[in-house]
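In case you want the letters, here they are:
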Amino acid sequence: QVQLVESGGGLVQPGGSLRLSCTASGFSLDYYAIGWFRQAPGKEREGVSCISSSDSSTYYADSVKGRFSISRDNAKNTVHLRMNSLKPEDTAVYYCTIESPTSITDVQAMCEIPLPGVFGSWGQGTQVTVSS
């Protein structure tokens, strides 16, 4: 079964940390660019972090630079988003997407334009809530 599932969200206090996971089944993530997006209540989806298929290029939104880090675990067919020093404004549903490397020449562009990627629709996402 081909699927892409987000997990790892939860409730955390300001200043805390979470690690989100984007796990693929039925196909390999190795040759896809990966993007993390989020949508807060009443706001549009925005790009958080994106990484190229070769891991040679990464992009982080200004709001998360220095706090978030994207990485691959190829053995587990998973991409992680480590989130440190979390702030209340990080509260949102977080989604991951994949794009063919032939479609992505600039990971910044991928993150700046929220699109559902190869599957053509957004997944369920994982809820992150930062609150005292």
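Details of the structure are given in the entry above.
Residues numbered from 1 in each chain as written. Predicted model: local features only at pLDDT ≥ 70, side-chain atom pairs only at ≥ 80, totals over all residues. Heavy atoms only, no water.

Brief notes about the pattern of salt bridges
Selection criterion: The rule for a salt bridge is simple: a side-chain nitrogen of Lys or Arg has to be within 4 Å of a carboxyl oxygen of Asp or Glu. Burial here depends on accessible area, computed with a 1.4 Å probe over protein chains only, as a share of the maximum for the residue type. Under 20% is buried, over 50% is exposed, and the range in between is partly exposed. Strands are runs of DSSP state E lasting at least 2 residues, helices are runs of H or I lasting at least 4, and numbering of each runs from the N terminus.
The tally for this structure, following the rule as stated, stands at four salt bridges. Residue R38 is joined to E46 by a salt bridge in which the shortest nitrogen-to-oxygen separation is 2.8 Å. Judged by its relative accessible area of 5%, R38 falls in the buried class. Classification of E46 as partly exposed rests on a relative accessible area of 35%. Across the pair R38 and D90 runs a salt bridge, and its minimum N-O distance is 2.9 Å. Highlighted residues: R38 in strand β4 (residues 33-39) and D90 in the loop between β8 (78-83) and β9 (92-99), separated in sequence by 52 residues. Each of the two residues, R38 as well as D90, counts as buried.

Notes on the sheet that holds strand β5 (residues 46-51)
The cut-off we apply is this: For two strands to be treated as a pair, DSSP must find no fewer than two bridges joining them. Working convention: axes come from line fits to C-alpha atoms, limited for helices to the stretch in contact. Angles between N-to-C directions cover 0 to 180 degrees.
Ordered in space as β2-β10-β9-β4-β5-β6, the six strands form an open sheet in which the pairing is mixed. Every other strand in the sheet has two partners, leaving β2 (10-12) and β6 (58-60) as the edge strands with one partner each. Across the sheet, the axes of successive neighbouring strands diverge by a mean angle of 25°, strand direction being ignored. Judged from the five bridges that link them, β4 and β5 form a sheet pairing that is antiparallel. When the sheet's bridge partners are listed, R38 is paired in β5 with E46.

Here's the deal with the packing of aromatic side chains
What counts is decided by this rule: Here a pair means two rings of Phe, Tyr or Trp (six-membered ring of Trp) with centres within 6.5 Å. Their orientation is stacked below 30 degrees between planes, edge-to-face above 60, and tilted elsewhere. Here, over-ring charges are defined by two tests on the NZ atom of lysine or the CZ atom of arginine: distance to the ring centre within 6 Å, and angle to the ring normal within 35 degrees.
A full pass over the atoms with the stated rule returns four aromatic pairs. Plain terms: the ring middles of F27 and F119 are 5.7 Å apart, the flat faces sit at 65° to each other, and that makes the pair edge-to-face. Highlighted residues: F27 in the loop between β3 (18-25) and β4 and F119 in the loop between α1 (107-112) and β10 (126-130), separated in sequence by 92 residues. Since its relative accessible area comes to 17%, F27 is described here as buried. Assessed through its relative accessible area of 39%, F119 is described here as partly exposed. Relative to W122, the ring of F37 has its centre 5.6 Å away and its plane inclined at 75°; by these criteria the two rings are edge-to-face. Here F37 is found in strand β4, whereas its partner W122 is found in the loop between α1 and β10, with 85 residues between them in sequence. A residue is classified by how much of its surface remains accessible, and F37, at 1% relative accessible area, is buried. W122 sits in the partly exposed class, given a relative accessible area of 23%. Feature note: the residues F27, Y32 and F119 constitute an aromatic cluster, connected by ring pairs. Looking at R45, its charged tip hangs above the ring of Y95, at a distance of 4.6 Å from the centre.

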